[in-house]
Amino acid sequence: MDKASSDCPYPGCFFCVMKEGNPSKRRASILKFFGDLPTQDDDGQRVAVRALGHLATYASTFPAVASHGEILELSIQLGLSSLEIVYSHFYQYVDRRLSYHCDLLTRGMGGVEMESRKAEEWASQLQCWSLQLINCFAFQPEFLPTICKSEFLTKLPGMWGGLVNENSPAGIGLLRTICHQKLGRGPVASCPGIIEALCNIARSSDDWQHMAIDCLLWLLQDPSTCHNVIDKAAPALVDLAEITTLGDHKKLGDSIVDVLQECIQSQGTGRNSFSNRTKEMIEELLNSRKRLKWEKNMPKEDLHIKQAAALVVKLEGNSLFSSGNISGAASKYSEALALCPIRSRKERVVLYSNRAQCYLLLQQPLAAISDATRALCLHNPLNRHAKSLWRRAQAYDMLGFAKESLLDAILFINECSQSNDPDLSLRQNKVPDYAERLVKKQMRAAWLFRGAAIKHGGVHCEGDAGDIYGQESDDSEWETASESDIGNDGRDAMENDDDDNEEEVDSEWKNEGDRKDKYDKSSVKDLKNECNVQLVEDEP
């Protein structure tokens, strides 16, 4: 250390560490500093990463930060390990927490619960600040080889900041920057898990949904990566093709269609190859656009006839659903969609949402997610159709995607609280029990410290998660989405609404008394058996 550092009253001060002239000593000191960061006594140490991130943001100061190559490597290490460090050093053992750290987190105003909550917030911020610092480096191609290592890239979709830090784009923000660079797209495209995660984020209620869509579009537009991702990305993008505006993205659906059309054309030149199923999906989307143009020239009377025919078929589907013929109902809704005019968006929302409910009962969560997403894209405002949110939340639950299910369930509750629909409005501002149970379950599964807790023995299995998270575990009460719908609350799904010819298949809306008036146990048992048979017949 130089002479200035000897006058510093704070041992291990970050700024003194950075003044070390010997590169090897400086690297060792920085490594120790980052390793000790969560347990440093000086509150200023905790904002060092944030300060570096701010410095790296500006073109005039970035070179000074980048000149210390170890900063990027250690930021990556911190991004990967910050949650585990905070959990193992502070959160895990309540009786070993230093009083200074507790007071620092709560300003002396809270007990154990507040300390734990604040520790989770701090850990999330530390990880997000690290990612923001790495993001500054990612704009420079020369640093991408260091950033784009698979062991780090594959973890980025899971670094979402949690509910305690929703204002940070976190991992998806960094992935977007990486995908914007040609050198970064290759490593991303070679990781199938990342592409799947991007598709899930794109078809979710995540505030950063548009960033995932950007990533997928850039990967498809690059001839060197298109063939690696097209089969996974196309189904998600087709579902999103009718989005009009998403944030600052105007005519996003048109952009998606244009990119997918380019992929079809490039396949004809031999540059890209993808499955027949993918080709069929894209061609079906392009045909629907041609159909929309054709309908614009149709006489209004003919459009009304098509609309009326679609309504008749939809009512037939509702009748089949009520009788327990779920597969037959799904087919009728598909037939109605083929008849319904493309520009009748409101009616198509209902049809897609109803068919999503059928797929849920048929144990086909991927198809349910697809249809629920289409309904949400068609709805105005975007992503605010409550019943489709709930159905997609259940479908994601069936697949084990806790974060996506949680976000949809939370938004569903929010929409219910603001709805004028008597079936959806929360009685006496009380959250429905079934929604509350799903949110609690997914909050445990998506808990920020869950991975660290499992690694350090805090959670041994699903049933243990509730204790360490601070809530009673009630996983034993949980059934799969389809079992719950069919066996109990799903009996409401047999009821239809009549509202300006926009009846929807309801699930889990009415009170228990209304359900018992209409359905007896034998009919539910028959429906379960029938759905089990249909599951075998319809399994792809």
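Quick caveat, the model's predicted, so the values are computed rather than measured.

*Asks:* Describe the overall build of the protein chain, naming the residues involved and giving the relevant values.
*Replies:* Along the backbone of the protein chain there are 29 helices and two strands. The proportion of buried residues among the 540 residues of the protein chain is 51%. Once local pairs closer than 6 in sequence are excluded, the contacts in the protein chain between residues at least 24 apart make up 67%. Only carbon and sulfur atoms are counted for the fraction: they give 51% of the accessible area of the protein chain, which is about 25,000 Å².

*Asks:* Which residues make up the packing of helix 18 (residues 300–322) against helix 20 (residues 345–361), and what values go with them?
*Replies:* Their axes nearest at 12 Å, the elements helix 18 and helix 20 cross at an angle of 25°. Put simply, helix 18 runs roughly parallel to helix 20. Where helix 18 crosses over helix 20, the two elements pack in a sense that is left-handed. Here Gln307, Lys314, Asn318 and Phe321 of helix 18 lie close against helix 20, whose contacting residues are Glu347, Val350, Leu351, Asn354, Gln357, Cys358 and Leu361. Among the residues forming the contact of helix 18 with helix 20, the class breakdown is five nonpolar, four polar and two charged.

*Asks:* Let's hear about the nonpolar core: which residues, and what values?
*Replies:* The nonpolar side chains of soluble globular proteins are, as a tendency, buried together. If you look at the biggest cluster of nonpolar residues, it comprises 92 residues, and the most contacted ones within it are Phe137, Ile147, Ile178, Leu198, Ile213, Leu220 and Leu237. Per-element tally for this core: the top contributor is helix 8 (residues 112–138), with 12 residues. If near-sequence neighbours (up to four positions away) are discounted, Ile147 is found in contact with Leu72, Ile76, Ile134, Phe137, Ala138, Phe152, Leu153 and Ile178.

*Asks:* Explain the state of the cysteines to me, using residue names and the numbers behind them.
*Replies:* Throughout the structure, instances matching the rule amount to zero disulfides. The closest cysteine sulfur to the non-disulfide-bonded Cys179 is located on Cys215, 3.9 Å from its own sulfur. Overall, the relative accessible area of 0% leaves Cys179 in the buried class.

*Asks:* Go over unusual backbone geometry with me, naming the residues and quoting the values.
*Replies:* For the peptide bond that leads from Asn380 to Pro381, omega is 5°, which places it in the cis range. Inspection of the secondary structure puts Pro381 in the loop between helix 21 (365–378) and helix 22 (386–399). The backbone of Ala170 shows a phi angle near 50°, a positive value even though the residue is not glycine. Considering the arrangement of structural elements, one finds Ala170 in helix 11 (residues 170–180). Since its relative accessible area comes to 6%, Ala170 is described here as buried.

*Asks:* How would you sum up the side chain of Ser344? Please name residues and give values.
*Replies:* Summarising the element assignment, Ser344 is placed in the loop between helix 19 (326–339) and helix 20. Here Ser344 falls in the buried class, since its relative accessible area comes to 9%. Engagement of the side chain of Ser344 in a polar contact is seen with the side chain of Gln307, the distance being 3.2 Å.

*Asks:* How would you sum up the environment of Lys314? Please name residues and give values.
*Replies:* Of note, Lys314 is situated in helix 18. Residue classification places Lys314 among the buried residues on the basis of a relative accessible area of 4%. As for Lys314 and Tyr333, which are separated by 19 residues in sequence, their C-alpha atoms are 5.7 Å apart.

*Asks:* Can you explain a positive patch on the surface? Please cite residues and give values.
*Replies:* There is a patch of like positive charges on the surface, built from Lys290, Lys293, Lys296, Lys300 and Arg343. When residues of the positive patch are assigned to their parent elements, the largest contribution, three residues, is made by helix 17 (residues 276–296). With respect to the helices, strands and loops of the structure, Arg343 is situated in the loop between helix 19 and helix 20. Judged by its relative accessible area of 45%, Arg343 falls in the partly exposed class.

*Asks:* Any chance you could break down helix 20 for me, citing the residues and the numbers?
*Replies:* Along its 17 residues, helix 20 runs 25 Å from first to last C-alpha, staying within 8% of the 24 Å computed at 1.5 Å per residue. Positive phi appears at Gln363, one or two residues downstream of helix 20, with a value of about 60°.

*Asks:* I'd love a proper account of helix 24 (residues 433–445), names of residues and values included.
*Replies:* An ideal rise of 1.5 Å per residue puts 18 Å on 13 residues; helix 24 measures up with 18 Å between its terminal C-alpha atoms. The complete set of buried residues in helix 24 reads Tyr434, Ala435, Leu438, Val439, Gln442 and Arg444.

*Asks:* Describe the pattern of salt bridges, naming the residues involved and giving the relevant values.
*Replies:* The full count for this structure, using the stated rule, is 20 salt bridges. We note a salt bridge from Arg374 to Asp239, for which the minimum N-O separation is 2.8 Å. You can see Arg374 sitting in helix 21 and its partner Asp239 sitting in helix 15 (residues 223–239), a full 135 residues away along the chain. Between Arg392 and Asp408 there is a salt bridge; the shortest N-O distance is 2.7 Å. A residue pair is termed long-range when its members are at least 10 positions apart, and Arg392 in helix 22 and Asp408 in helix 23 (residues 402–418) qualify at 16 residues. The exposure classification of Arg392 matches that of Asp408, with both residues buried. Several salt bridges share partner residues, and in doing so they unite Lys182, Arg185 and Asp222 into one network.

*Asks:* Account for the packing of helix 21 against helix 22, with residues named and values stated.
*Replies:* What describes two packed helices is the angle between their axes and the distance between those same axes. It is at 9 Å that the axes of helix 21 and helix 22 come closest, and there the two elements cross at 155°. With respect to their mutual orientation, helix 21 and helix 22 come out roughly antiparallel. Two packed elements cross with a definite hand, and for helix 21 against helix 22 that hand is left-handed. Across the interface between the two elements, Pro365, Leu366, Ala368, Ile369, Ala372, Thr373, Ala375 and Leu376 of helix 21 pack against Ser388, Leu389, Arg392, Ala395, Tyr396, Met398 and Leu399 of helix 22. Residue composition of the contact of helix 21 with helix 22, grouped by class: 12 nonpolar, two polar and one charged.

What counts as what
Residues numbered from 1 in each chain as written. Predicted model: local features only at pLDDT ≥ 70, side-chain atom pairs only at ≥ 80, totals over all residues. Heavy atoms only, no water. Helix = DSSP H or I, 4+ residues; strand = E, 2+ residues; numbered from the N terminus. Buried < 20%, exposed > 50% of the residue type's maximum accessible area, 1.4 Å probe, protein only. Contact = heavy atoms within 4.5 Å. Areas by Shrake-Rupley, 256 points an atom, 1.4 Å probe, with all protein chains shown as cover. Axes fitted to C-alpha atoms, helices over the stretch in contact; angles between N-to-C directions. Parallel < 35°, antiparallel > 145°, perpendicular 65-115°, else oblique. Left-handed = near helix turned anticlockwise from the far one by under 90°. Nonpolar A, V, L, I, M, F, W, Y, C, P; charged D, E, K, R; others polar. Core = buried A, V, L, I, M, F, W, Y, C linked by side-chain atoms within 4.5 Å. Disulfide = S-S within 2.5 Å. Polar contact = N/O pair within 3.5 Å; in protein donor to acceptor, adjacent residues only side chain to side chain. Patch = residues over 30% accessible without salt bridge, like charges linked within 9 Å, V, L, I, M, F, W, Y side chains within 5 Å. Salt bridge = Lys/Arg side-chain N within 4 Å of Asp/Glu carboxyl O. Lys, Arg positive; Asp, Glu negative; His and termini not counted. Charge placed at Lys NZ, Arg CZ, Asp CG, Glu CD. Expected span 1.5 Å × (residues − 1).

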